[in-house]
Structures are given as structure tokens and as C-alpha cells.
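Per-entry structural report
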Amino acid sequence: MAATKTPLTEMKAWKGLTEHYQAIRDVHMRTLFAKDPERGERMTAEGADLFLDYSKNRVNEETIKLLLELAEESGLRERIDAMFRGDKINITEDRAVLHVALRAPKGATIDVDGENVVPDVHQVLEAMSAFSNRIRSGEWKGHTGKPIKNVVNIGIGGSDLGPVMAYEALKHFSDRALTFRFVSNVDGTDFAEAVQDLDAAETLFIVASKTFTTLETMTNANTARDWLLSALGGDKDSVAKHFVAVSTNAEKVSEFGIDTANMFGFWDWVGGRYSMDSAIGLSTMLAVGPENFMAMLDGFHQMDEHFRTAPFEKNLPVLMALLSMWYSNFFGAETIAVLPYEQYLKRFPAYLQQLTMESNGKYITLAGQRVDYSTGTIYFGEPGTNGQHSFYQLIHQGTRLIPCDFIAFGKSLNPLGRHQDMLIANVFAQSEALAFGKTEEQVKAEGTADWLVPHRVFEGNRPSNTIFAKQLSPSVLGQLIALYEHCVLTQGTIWQINSFDQWGVELGKQLAQRIIPELENAELPELTHDSSTNNLIRRYRATKESK
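First, a word on what this report is: a plain description of the structure on this page. (Residues numbered from 1 in each chain as written. Predicted model: local features only at pLDDT ≥ 70, side-chain atom pairs only at ≥ 80, totals over all residues. Heavy atoms only, no water.)

1. Focus: the sheet that holds strand S12 (residues 404-409)
Two strands in a sheet stick together by hydrogen bonds in their backbones, pointing the same way (parallel) or opposite ways (antiparallel). This is how the line gets drawn: Think of it this way: DSSP has to see at least two bridges between two strands before they count as a pair. Each helix is a run of H or I in the DSSP string that is no shorter than four residues. Each strand is a run of E no shorter than two, and both are numbered from the N terminus. What counts as an axis is a line fitted to C-alpha atoms, over the stretch in contact for a helix, and the angles between N-to-C directions run from 0 to 180 degrees.
Read across the sheet, 6 strands follow the order S1-S2-S13-S12-S10-S11 without closing on themselves; strand pairing throughout is mixed. Strands at the two margins of the open sheet, each flanked by one partner only, are strand S1 (44-47) and strand S11 (378-380). Across the sheet, the mean angle separating the axes of adjacent strands is 20° when strand polarity is ignored. In terms of strand pairing, strand S10 (residues 335-340) meets S12 through 4 bridges, oriented parallel. Its bridge partner lying in S12, Pro-340 is registered against Ile-407.

See below:
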């Protein structure tokens, strides 16, 4: 049971922000910059290798002051310390929240129930490294004596989105002699397409399921086992040479046919969406090698330390979280666009969708009360410049306020002529256009016909952050992920919700288990759902049975 806190909307800082919003809501960024020409230099912050420009937001010094007061009044400092201490801040599951322990240095001490968990973390990392080196060197042989050339990760949710994103993000650093595929959807097409051109004798499957009972994952894993056995003559001993597990259920892993010596564990104090830097990241380590994987963990840790120690007024996760809440809770914004101008980060927005929306998509407070304010922003995005020719129209001239996070790098990993200059010019141009727009007078001065003028006016006053780093690297990727992880904690603390459970995913799973036999039984059982669901079940059965 959580300690009773002052309700958010009754806090002094919240009331101050409510009053302040009335004064600033119609002030244009043109005016803010005209009155304060140096805000572009001053409204910045740095953490590890990341630089944040938040000057193109609908805020002034008073706004930032009040938002920081809200963070203090909400007990954010105490919450941060509690997380790093290993306190059980996930109260609905009575668990610590220690993804920060996954990247803690070897000599660190982080206790859970009186036991330092860091040595266990590094023991698993060492086992992962040894295994990765055996695969990458060709020492590990499949059942027929061939080395492994293909790796298929089978998981879902955090066991898939993180590995997929990291593989794509760090592809520049990957071993191109190895092919990587990722299977998550229980739709059979996902598996069929993933293995269609693979040689089973050269393929390794990583089955990522903490309990080894996850419906979608184990359905795909069993299909993968059948596929392997069919290709390799049905010898069940072959399973141990072509499957490894990321799990904590040794009994189920062994029953499946996997040697438990090749089972890589993790812990209940790591939520799935925070687990890509644990053994869940085994496919990432296989792709980029242990050294690059450890560099990524170091990047995570650098941002952890920045979040833990930097004053809130210079703290990147805190500032970004407060700004997003400012738009969500006072301007009524419902979304944030994350726009990486780096092709390797093409899956980063999809990864953030689970991290942010599964974490803060809650309407019940820690005290068990229903909130009376917005929580959980909708995240979406695509890499630039592709998005500019897609949904940017809505951001520029639509009727909805959509704050944007631009992510950009000074150097390309693949320098080709003018490409990087053109790419970065677009980043800076988009944030400028969103902020300042184009006035009616400016459009008319271009000689535009009067009837066309309204169509070519840009209101501007659309807020954005720009996150800038020298170059994408394993370390910088870790920093970016941790940045958004800690934004989640900051938002959840102020909204007074539990960012670390996900009960909302359970009901659909339970109902699916009930419906599956109703679809598969030879005889149609008595259906007791609503009329819509009953009718859909009957239609599906009729379709399945038709010629």
C-alpha cells in the first residue's frame, strides 16, 4: 500500500502552473524569442554525450521554475533514490525496479532483500560473452557439424522490440557473416517468412520467455522445433545444438530439449520493456560482439548517473518529462512524435511505444484512486526525412498540438558526399518551421495570389526538442534508451502511478485462452460471450471448415 500523498491537482506547484498556463498559452514562440534572444543558448542541457536544446518550447523561465517545483513537490528525488537503492517501488507486484543494476559496474553494490545483485548480473554477462564468442568464432557447431550462420530470436513484447530495435540501431557494428531474424507474432506468417531461406543445420534459435510459458512465444518455439526436427531427420538430440533459452524456468527449458547450461537467466526486478540490456539482449551481443554490448551498457550507466546526480534544472530526463507533461496536462496534447534523423534508428519509435505506453498507460494512482488528469502520452514516429513526406503535414498545419523530439547526429556512420549536410539541414529547418511558421505577410510578400494565401500560412508555435550527439554508437544508443526510461519514471512519479506493472495486458490473454478451445474443438461448445463475440466465433469456425 502506497503512502498517502497530496493529490497532484492540489499541489501548490500544480495550481501555480494552472494559473501560469492562462498567461502563457497564447504567447507565440516568435514573441518568446524576440523578448529573450539568447534563450537558444541558455535553454540547453547536456548529459553524457547527449545535448538537449529545449528552447523551442512554449515556455519561459517562470514555466520551467514551476515545473521544477512540481518535480520537487512530487517527491521525485526520493523516488529516484528509492529506485537506485533497490526499494520495492513496484508496489502492486511487491518488486524492486532495478534495470539500472543491469548496467552497473562490476564493483557496484545494489541490494535486493539484503543481497547484492550486481555479481549475479555480471555472471550472466560473462556467460553470454563466452557463448557469443563461441558462436561468432565458429567454435559452436550445429547437429551436423556446421557452424551457426543464422540466429532467430523468438520472443514478444520486451523480448522482441528491444532486440529488434538494437539490432537495427547497431547494424553498422554487426557481424555481417551472421543473419538475424526476429519472430514475435503468433501469426504463422511471421515464422514462415523468417525461416523460409534458412538452412536448419546452420540456424540457432533463442527462445526468450521468463516463464517459458508465454503463449505466443512457446507456440512459435514449438513450431521452430518441429521445423528443425523435420529438416534434420527427427533426431531430438539436435534441439540442444540449435536452441538456447533466456528464461528462469529450468524445468520447462529442459523439457523442451534445451541444455540448461545454455539457459541465460534474468530477474523479477526487471520488467520486460526494461530488459533489452539483460540476457534478453543475447541476440544483440551475438550481432555486435561482447565488447560493443558492454559499451552499450556503459552508455546506459552514464545516463543513469546523470539522472541520479544532475540537478533537475540540468537533468535531461527530468526536463524532457516535465515538458511532455506540460503539453499533456495543460495544453491537452495527446501525442509525442519521436523523429530520429538516423536510418539505423528506424525502430526506435516503435520500441518507445512499449516503453512509454505500457509503463504510464494507467488510470489508477498508487493510492488506488482514479486519476482526474491525463496520463500516458501516445508515442509515434518514423525516421527523417521519410516522415516529412508523410505525417509532418498534420504536425505543421493540423488542428492538433503534437510536440516533437528530433534526434540528430553530427557525423554519419556511412558518409556519402552531401547526404549528412542535407539530412541535418532538414532537422534544423523542421524545428525552425514548427516554431516560427510563416505569417500571412510573409506569404503575400512572395507574390502569392490572395485566394491561396491562407493555404500557405503556417501558424508555427509547434514545440520541439532537439537531441544531438556526435555520432550513433553502442554507448550513445544506451544513453538514448536510458534517457527515455528515466523520463518514464519522472512522469509516473508526478502522475502518482505505477510505471512498472502492466495489468492491462492480462485480460485479453485470459480471454484468448478461453476462446482457443472454442475455435478448435470438433463440436461447437455452448458460447457464453456477448452476441458479437459469439457470432464472430461461429463465422470463423464456418470459414475454417469451408472448402
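From this point on, the discussion continues.
2. Points about the sheet that holds strand S7 (residues 203-208)
The cut-off we apply is this: When checking whether two residues touch, look at their non-hydrogen atoms; a contact exists if any pair is within 4.5 Å.
Taken in spatial order, the 5 strands line up as S6-S5-S7-S8-S9 in an open sheet, and their pairing is parallel. Pairing within the sheet leaves two strands with one partner each, and these edge strands are strand S6 (179-183) and strand S9 (263-264). Pairing between S7 and strand S8 (residues 243-246): 4 bridges, direction parallel. Paired with Ile-206 across the strands is Val-244, a residue of S8. This element, helix H7 (residues 158-169), spans strand S5 (150-154), S6 and S7 of the sheet and lies at about 150° to S6. Along the sheet face, helix H8 (residues 188-195) touches S6 and S7 and points at about 170° away from the line of S6.

3. Things to note about the side chain of Asn-220
Note the threshold: The definition of a polar contact used here is a pair of N or O atoms within 3.5 Å, where within protein one atom must be able to donate a hydrogen and the other to accept one, and adjacent residues in sequence count solely through side-chain atom pairs.
Position of Asn-220 among the secondary structure elements: in helix H9 (residues 215-231). Polar side-chain contacts of Asn-220 include one of 3.1 Å to the backbone oxygen of Asn-185. Not counting the four nearest positions on each side in its chain, Asn-220 is found in contact with Ile-154, Val-183, Ser-184, Asn-185, Val-186 and Phe-191.

4. Describing the nonpolar core
Under the convention used in this document: Take the buried Ala, Val, Leu, Ile, Met, Phe, Trp, Tyr and Cys residues and link them wherever side-chain atoms come within 4.5 Å; each set so joined is a nonpolar core. Burial status follows relative accessibility: with a 1.4 Å probe on protein chains alone, a residue under 20% of its type maximum counts as buried, one over 50% as exposed, and anything between as partly exposed.
In terms of nonpolar packing, the biggest core is built from 125 residues, with Trp-269, Trp-326, Phe-348, Leu-477 and Tyr-484 touching the most fellow members. Ignoring any residue separated from it by four or fewer positions in sequence, one finds Phe-348 in contact with Met-165, Val-338, Ile-407, Leu-480, Ile-481 and Tyr-484. Judged by nonpolar contacts, the second largest core, of 24 residues, contains Ala-194, Val-195, Leu-198 and Ala-224.

5. Focus on the environment of Thr-533
Note on placement: Thr-533 falls in helix H22 (residues 531-545). Each C-alpha atom, one on Thr-533 and one on Ile-515, is 9.6 Å from the other, the two residues being 18 residues apart in sequence.

6. Section: the packing of aromatic side chains
The description of an aromatic ring pair rests on the distance of the ring centres and on the angle between the ring planes. Heads up, the rule is: Any two rings among Phe, Tyr and Trp, with Trp reduced to its six-membered ring, count as a pair given centres within 6.5 Å; such a pair is stacked if its planes are under 30 degrees apart, edge-to-face if over 60, and tilted if neither.
Scanning the entire structure with this criterion turns up 25 aromatic pairs. When the ring of Tyr-21 is compared with that of Phe-331, the centres are 4.9 Å apart and the planes differ by 85°; the resulting orientation is edge-to-face. Here Tyr-21, found in helix H1 (residues 12-24), pairs with Phe-331, found in helix H14 (residues 316-331); they are 310 residues apart in sequence, far enough to count as distant. Considered together, Tyr-21 and Phe-331 belong to a single accessibility category, that of buried residues. Measuring from ring centre to ring centre gives 5.5 Å for Phe-391 and Tyr-392, while their planes differ by 45°; the resulting arrangement is tilted. Given a relative accessible area of 17%, Phe-391 falls into the buried group.

7. Here's the deal with the packing of helix H5 (residues 76-85) against helix H20 (residues 474-495)
Under the convention used in this document: The scheme is simple: roughly parallel for angles under 35 degrees, roughly antiparallel for over 145, roughly perpendicular for 65 to 115, oblique for anything else. Left-handed describes a crossing in which the near helix is turned anticlockwise from the far one by less than a right angle; the clockwise case is right-handed. When residues are sorted by character, Ala, Val, Leu, Ile, Met, Phe, Trp, Tyr, Cys and Pro go into the nonpolar class, Asp, Glu, Lys and Arg into the charged class, and all the rest, Gly among them, into the polar class.
Interaxial distance between H5 and H20 falls to 10 Å at its minimum, and their mutual angle equals 130°. Looking at the two axes, H5 sits oblique to H20. Considering how the two elements wind past one another, H5 and H20 form a crossing that is right-handed. Facing H5, whose interface residues are Leu-76, Arg-79, Ile-80 and Met-83, H20 presents His-486, Leu-489, Thr-490 and Thr-493. When grouped by side-chain class, the residues that make up the contact of H5 with H20 number 4 nonpolar, 3 polar and 1 charged.

8. Comments concerning the pairing of strand S13 (residues 464-469)
Burial analysis of S13 places 5 of its 6 residues in the buried class, which makes it a mostly covered element. Two strands pair when backbone bridges link them, and strand S2 (residues 50-53) and S13 are joined in this way by 3 bridges, in the antiparallel orientation. Bridge assignment links Phe-51 to a residue of S13, and that residue is Phe-468. As defined by bridge partners, S12 adjoins S13 across 6 bridges and the pair is classed as parallel. The residue bridging Ala-408 from the neighbouring strand is Phe-468, located in S13.

9. What about the packing of helix H6 (residues 118-137) against helix H13 (residues 290-309)?
Where H6 contacts H13, the two axes come as close as 10 Å, and the packing angle between them is 150°. It follows from the interaxial angle that H6 and H13 lie roughly antiparallel. On H13, the residues that touch Leu-125, Met-128, Ser-129, Ser-132 and Asn-133 of H6 are Pro-290, Phe-293, Met-294 and Leu-297. In terms of residue class, the contact of H6 with H13 is made up of 6 nonpolar, 3 polar and no charged.

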